[in-house]
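# A structural walkthrough
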Amino acid sequence: MTDHDSQRNTRHKKAMQKLKSHVDEKVAAADEERGLMLVFTGNGKGKTTAAWGTVTRALGYGYRVAVVQFIKGLWECGEREKLMADDNLEVAIMATGFTWDTQNRESDTAACLEVWEQAERMLADPEVYLVVLDEITYMLKFGYLDINRVRDALNNRPAEQTVIITGRNAHRELVEMADTVTEMNEVKHGFNNGLKARRGIDF
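To start, this report covers the structure provided alongside it. (Residues numbered from 1 in each chain as written. Predicted model: local features only at pLDDT ≥ 70, side-chain atom pairs only at ≥ 80, totals over all residues. Heavy atoms only, no water.)

### Focus: the overall build of the chain
- Assigned secondary structure in the chain consists of eight helices and six strands.
- In the chain, buried positions account for 35% of the 203 residues.
- Taking the intrachain contacts of the chain between residues at least 6 apart in sequence as the baseline, contacts between residues at least 24 apart amount to 77%.
- Summed over its atoms, the accessible surface of the chain is roughly 12,700 Å², and 49% of this surface lies on carbon and sulfur atoms.
- Across the chain, 27 positive and 32 negative side-chain charges occur, with their mean positions spaced 9 Å apart. (Helix = DSSP H or I, 4+ residues; strand = E, 2+ residues; numbered from the N terminus. Buried < 20%, exposed > 50% of the residue type's maximum accessible area, 1.4 Å probe, protein only. Contact = heavy atoms within 4.5 Å. Areas by Shrake-Rupley, 256 points an atom, 1.4 Å probe, with all protein chains shown as cover. Lys, Arg positive; Asp, Glu negative; His and termini not counted. Charge placed at Lys NZ, Arg CZ, Asp CG, Glu CD.)

Encoded structure:
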C-alpha cells in the first residue's frame, strides 16, 4: 500500500466515523413512536408506486392495510393484482376512473364522496395500520372533497395509524400536517416523447 492509499484510507475512516456519530445522534434523538403522515407529491413518476411499495412492506409484517384509489382504480394495477390475495389488504376504488374522461362534475363528486366514506371508516379503524389515499390530491383540487373534512379525519385517526397521501399539487394544509413530504420531480419522461406506458413497468 502506498502512502497515498494509506492517507486516503485514514481520511475515509475519519469521515465514516464522523458520519456514524451524526447518524447515531439522530437515531438517539428520535424517541417518539406513533403513526406517521407521509405525502408523496410532485409531477414526477413513482408516487403511487412508492405507496404500493410501503403497502407491501406493511403486509410483509402482517399488518392490516387499506388503500383507496381515487383516480387509477379502473386501470390495471400489477401491485394490486398481486397483493389482493392477502386477507390483510382492503382496497376501495372510485369507480369513475379518470375525471378528465368522465367530464361530469356531478357524477364524479358523488363517486368521490362514496369512496371517501369508506376512507373515513378506514381512518377511524384502530386495527388498520396503514391507509393509502392514492391520488386524493386531485379530489381536493377539483373541489370534490372539502379539505376540512379530510383534515378532521386525518387528525382524529388512531395514534398508531400511518397514512400515505399521493398525487400532484398536494394541498398546502396536507403538506403542513405531514411528518414527511417527498416531492418527485420530473427530469425526463418517456411519455412526453411518445412512449406508451408499459405493462408491468408503469402500471
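### Section: the sheet that holds strand S6 (residues 180–183)
- Read across the sheet, six strands follow the order S3-S2-S4-S5-S1-S6 without closing on themselves; strand pairing throughout is parallel. Each end of this open sheet is capped by a strand with a single partner; those strands are strand S3 (89–93) and S6. Strand after strand, the sheet turns through a mean of 10 degrees between neighbouring axes, direction not considered.
- Relative to strand S5 (residues 162–166), strand S1 (residues 37–41) is paired through four bridges, and the arrangement is parallel. Residue pairing across strands places Phe40 opposite Thr166, the latter belonging to S5.
- Packing against the sheet, helix H5 (residues 105–123) makes contact with strand S2 (64–69), S3, strand S4 (128–134) and S5, and its axis sits at approximately 155 degrees to S3. (Pairing = 2+ DSSP bridges. Axes fitted to C-alpha atoms, helices over the stretch in contact; angles between N-to-C directions.)

### A word on the pattern of salt bridges
- In this structure the tally under the stated criterion is six salt bridges.
- Note that Arg64 is salt-bridged to Asp125, the shortest N-O span being 3.4 Å. Residue Arg64 is located in strand S2, and its partner Asp125 is located in the loop between H5 and S4; the two are separated by 61 residues in the primary sequence.
- The partly exposed category is assigned to Arg64, whose relative accessible area is 32%. (Salt bridge = Lys/Arg side-chain N within 4 Å of Asp/Glu carboxyl O.)

### What about a nonpolar patch on the surface?
- A contiguous nonpolar surface patch, about 350 Å² in accessible area, is contributed by Tyr61, Tyr63 and Tyr129.
- With respect to the helices and strands, Tyr63 occurs in the loop between helix H2 (47–60) and S2.
- Residue classification places Tyr63 among the partly exposed positions, given a relative accessible area of 34%. (Patch = residues over 30% accessible without salt bridge, like charges linked within 9 Å, V, L, I, M, F, W, Y side chains within 5 Å.)

### Description of the environment of Glu127
- Structurally, Glu127 is set in the loop between H5 and S4.
- The class for Glu127 is exposed, based on a relative accessible area of 53%.
- The spacing of Glu127 and Asp87 is 40 residues in sequence and 13 Å in space, taken between C-alpha atoms.

### A few points about unusual backbone geometry
- The backbone phi angle of Glu135 is positive, close to 65 degrees, even though this residue is not glycine.
- Take Glu135: it is sitting in the loop between S4 and helix H6 (136–141).
- Overall, Glu135 belongs to the buried group, its relative accessible area being 6%.
- Positive phi is not limited to glycine here, since Asn169 has a value of about 50 degrees.
- Residue placement: Asn169 occurs in the loop between S5 and helix H8 (172–177).

### Thoughts on the nonpolar core
- Core analysis: the biggest nonpolar cluster contains 33 residues, and Phe70, Trp116, Leu133 and Met139 have the highest contact counts within it.
- Secondary structure elements with two or more residues in this core: S1, S2, H5, S4, H6, helix H7 (147–155) and S5.
- When residues of this core are assigned to their parent elements, the largest contribution, seven residues, is made by H5.
- Listed in part, the 15 residues of the second largest apolar core include Phe40, Ala51, Val55 and Val132. (Core = buried A, V, L, I, M, F, W, Y, C linked by side-chain atoms within 4.5 Å.)

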